[in-house]
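# Understanding the architecture of this molecule
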Amino acid sequence: MTTERKALIKVDGLYKFFGDNKVLRGISAEIDKGEVVVVIGPSGSGKSTFLRCLNLLEEPTYGEVWLEDKLVTPVDPYLHPDVIELSKTYQKLAAKYKSEHPGAADEEVKKTVIKEIKDGDLLNEKHEGKAYKSLMKKIYDENYININLARQKVGMVFQQFNLFENLTVLDNITLAPVKLLGMSKADAEKKAAELLERIGLSDKADSYPVQLSGGQKQRIAIVRSLAMDPDVILFDEPTSALDPEMVGEVLDVMKELAKSGMTMVVVTHEMGFAREVGSRVLFMDEGVINEENAPEEFFGNPQSPRLKDFLSKVL
Amino acid sequence: MKEWFADLAQQFRLNFITGDRWTWLLDGFKMTLVITFFATLLGIAIGVVIATIRSSYDKNKESMKKKGGFGYRVLSFFNGLCGLYLTVIRGTPVVVQLLIMYFIIFASSTNSTMVAVISFGINSGAYVAEIFRGGIMSVDKGQFEAGRSLGFNYIQTMIYIVIPQMFKIVLPMLCNEFIVLIKETSISGYVGIRDLTKAGDLIRGRTFSAFMPLIAVALIYLAVVIIFTKLVKRLERRLRNSDH
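Report follows, based on the coordinates. Everything quoted here is computed from the prediction, not taken from an experiment. (Residues numbered from 1 in each chain as written. Chains lettered and ligands numbered in written order. Predicted model: local features only at pLDDT ≥ 70, side-chain atom pairs only at ≥ 80, totals over all residues. Heavy atoms only, no water.)

For chain A, the count of helices and strands is 13 helices and ten strands. Projected onto its principal axes, the C-alpha coordinates of chain A cover approximately 75 × 50 × 35 Å. Buried positions account for 54% of the 315 residues belonging to chain A. In the structure as shown, chain A presents an accessible area of about 14600 Å², 49% of it carried by carbon and sulfur atoms. Of the charged side chains in chain A, 41 are positive and 51 negative; the average position of the first set lies 4 Å away from that of the second. (Helix = DSSP H or I, 4+ residues; strand = E, 2+ residues; numbered from the N terminus. Buried < 20%, exposed > 50% of the residue type's maximum accessible area, 1.4 Å probe, protein only. Areas by Shrake-Rupley, 256 points an atom, 1.4 Å probe, with all protein chains shown as cover. Lys, Arg positive; Asp, Glu negative; His and termini not counted. Charge placed at Lys NZ, Arg CZ, Asp CG, Glu CD.)

Let's shift gears to the interface of chain B and chain A. Every contact between the two is made by 23 residues of chain B and, on the other side, 24 residues of chain A. Together chain B and chain A conceal approximately 2000 Å² of surface at their shared face, both sides included; 57% is due to carbon and sulfur atoms. Per-residue buried area on chain B facing chain A is highest for B:Glu145, B:Ser149 and B:Leu150; these three make up 30% of the total on that side. Seen at the junction of chain B and chain A, the total is one salt bridge. In this structure, A:Arg52 and B:Glu145 form a salt bridge, with 2.6 Å as the shortest nitrogen-oxygen distance. Inspection of the region where chain B meets chain A yields seven residue pairs in polar contact (both at pLDDT 80 or more). Contributions of two or more residues to the side of chain B that touches chain A are made by helix H2 (22-67), helix H6 (141-150) and helix H7 (154-184) of chain B. Broken down by element, the residue count for the side of chain B that touches chain A peaks at nine residues, all from H6(B). (Contact = heavy atoms within 4.5 Å. Buried area = accessible area lost by both parts, 1.4 Å probe. Salt bridge = Lys/Arg side-chain N within 4 Å of Asp/Glu carboxyl O. Polar contact = N/O pair within 3.5 Å; in protein donor to acceptor, adjacent residues only side chain to side chain.)

Another point: the nonpolar core. In terms of nonpolar packing, the biggest core is built from 47 residues, with A:Ile220, A:Ile222, A:Phe235, A:Met254 and A:Met264 touching the most fellow members. Within the second largest apolar cluster, 40 residues are counted, among which are A:Ile9, A:Phe50, A:Val232 and B:Phe152. (Core = buried A, V, L, I, M, F, W, Y, C linked by side-chain atoms within 4.5 Å.)

Residues and elements named next belong to chain A. Reading across from one edge, E6-E7-E8-E3-E9-E10 is the order of the six strands in this open sheet, with mixed pairing throughout. If you trace the sheet from one side to the other, it starts and ends with strand E6 (154-157) and strand E10 (288-293), each paired once. Going from strand to strand, the sheet's axes swing by 20° on average, the running direction of each strand aside. Its contacts with the sheet place helix H1 (residues 47-54) against strand E3 (36-40), E6, strand E7 (232-236), strand E8 (263-267) and strand E9 (280-285), and it is angled at close to 150° to E7. Sheet strands touched by helix H13 (residues 305-314): E3, E9 and E10. Its angle to E9, the strand with the most contacts, is close to 100°. (Pairing = 2+ DSSP bridges. Axes fitted to C-alpha atoms, helices over the stretch in contact; angles between N-to-C directions.)

Residue and element names in this part refer to chain A. Per the counting criterion, the structure on display carries two cavities of 30 Å³ or more. Considering only enclosed or pocket space, the largest cavity measures out at about 50 Å³ in volume. Lining the largest cavity are Leu195, Arg198, Ile199, Val223, Leu226, Val253, Glu256 and Leu257. At the level of secondary structure, the elements contributing two or more residues to the lining of the largest cavity comprise helix H8 (185-198), helix H9 (214-226) and helix H10 (244-259). The dominant element in the lining of the largest cavity, judged by the number of residues it contributes, is H10, at three residues. Residues that form the lining of the largest cavity fall into these classes: six nonpolar, no polar and two charged. (1 Å grid on protein atoms, 1.4 Å probe; cavity = no way out; pocket = protein on both sides within 12 Å on 5 of 7 lines; lining within 4 Å. Points joined across faces, edges and corners; volume = space filled by probe spheres on them. Nonpolar A, V, L, I, M, F, W, Y, C, P; charged D, E, K, R; others polar.)

Turning next to the pattern of salt bridges. For side chains bearing opposite charge, pairing can occur when the charged atoms are close. For the structure shown, the criterion picks out 23 salt bridges over all chains. A salt bridge links A:Lys110 to A:Glu107; the nearest nitrogen and oxygen atoms lie 3.9 Å apart. Separated by three residues within a single helix, A:Lys110 and A:Glu107 lie in helix H4 (residues 106-120), roughly one turn from each other. Under the relative-accessibility criterion, A:Lys110 is labelled partly exposed at 26%. Here A:Arg306 makes a salt bridge to A:Asp309, at a shortest N to O gap of 3.5 Å. Here A:Asp309 and A:Arg306 lie together in helix H13, a separation of three residues that amounts to about one turn. Given the relative accessible area of 32%, A:Asp309 is considered partly exposed. If you follow the salt bridges from partner to partner, you end up with A:Arg52, A:Glu58, B:Lys141 and B:Glu145 in one network.

Here's what the structure looks like:
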């Protein structure tokens, strides 16, 4: 599972079902250090769910998420053919297939049977044998990282800000560094003061979130995630809940952040931001990545009819 | 008319002044407050634990069930235990619970006050647990997600973020529970505790006049409840103000 290029986030075969609603249907993507990846798409296309799967706020139904070469989801047997081949279900079905199709090539058997298992969701982990289980456990033990530890390095900014209502602005920013990183209260407060100064909100340190405007809340939410020194920040429609005149101030902070080299994954409807700041734009539709490209190509020369249609409506 | 007043004054003297019987009421009142106070504390402690277990179970059962394993079995065991506790406590009269505690479970104990505190605390815990559970559920889901996204685990998120906000939501209801409890402790006399009610009844037994002592007892309860209700109202107003 080691790749030459070390992706910061690697997503493989991601599926997410809410009951019968298949929100994500097979997403694979890699995000490198320093990239600003903007995800756009119509509502209900699964953008937010995709983003929330990256730090496991939603648990994927299938698929794996890797953060800096560490696995945060359970092992997905369907991504490891060697695991599937050890399963009793596979062996039974393969034997059946071979008897029905004598002379079938091994590769063909493998491919068809694995597809059959996957499509029918036939794998029942409880009934699989020892070999299957021990290989699954081996892969997991070698690669996994505790999700709480991983999340310390993955900031998140929400559409509804989600500042802690019971804490002052300063405590909102210092809580996690003090409790999780073991930073001293004084150091954390000093750092928070610097960050607040950077966004021009030093005078709000002792205010409570309810006393702030939406734009101020969102800028502080960005600072709160910055205080943990994350490797990447996920933005879930950060400007969608804001009054129009406040969108600019939040986007400015995000642009500055991008310029400083922060890796960002941004789900947004702000096409201007995508064009100006994005290093890559993903277009999601019906639970898959429909098209992805650098912003100039993406907006200047869209390929898929679905994207053309979408852009003609939003631009 | 004059005679009636004279009679009233004489009754008052007989029931409260003679033999310093008013001190019986005072001591009984103190006992009532002590039992109520400690039972409330115990109830809150039990309530927090049970509410946390039950809301954790509700929130996580889907994802944990899929994974199965030890954690899920432990949590669902404790959740079942809590469900049983709530059913039994809320389904039986508190007098019966008190008698069972005193005569069966703590039959060898001579400290009846402690037995009463435990009984009323366990009883109150069931109601407080449901209050807290409602409180936890009504804290915005985004608060919880923000905590988790920073790297706090489930319990840390509860302790630093969700439970402090829950307390603010449930504080008025918690005070109501205190008011209910203070009246409920009037059955302590069943196990020989001289609480306020029992003290009034003892005076009645001594003086053979029921009116004065029992009305006095009722007035004391009423006064406490009215004062407390006023405080709760003021508290509610204060809490609302800090929201804006």
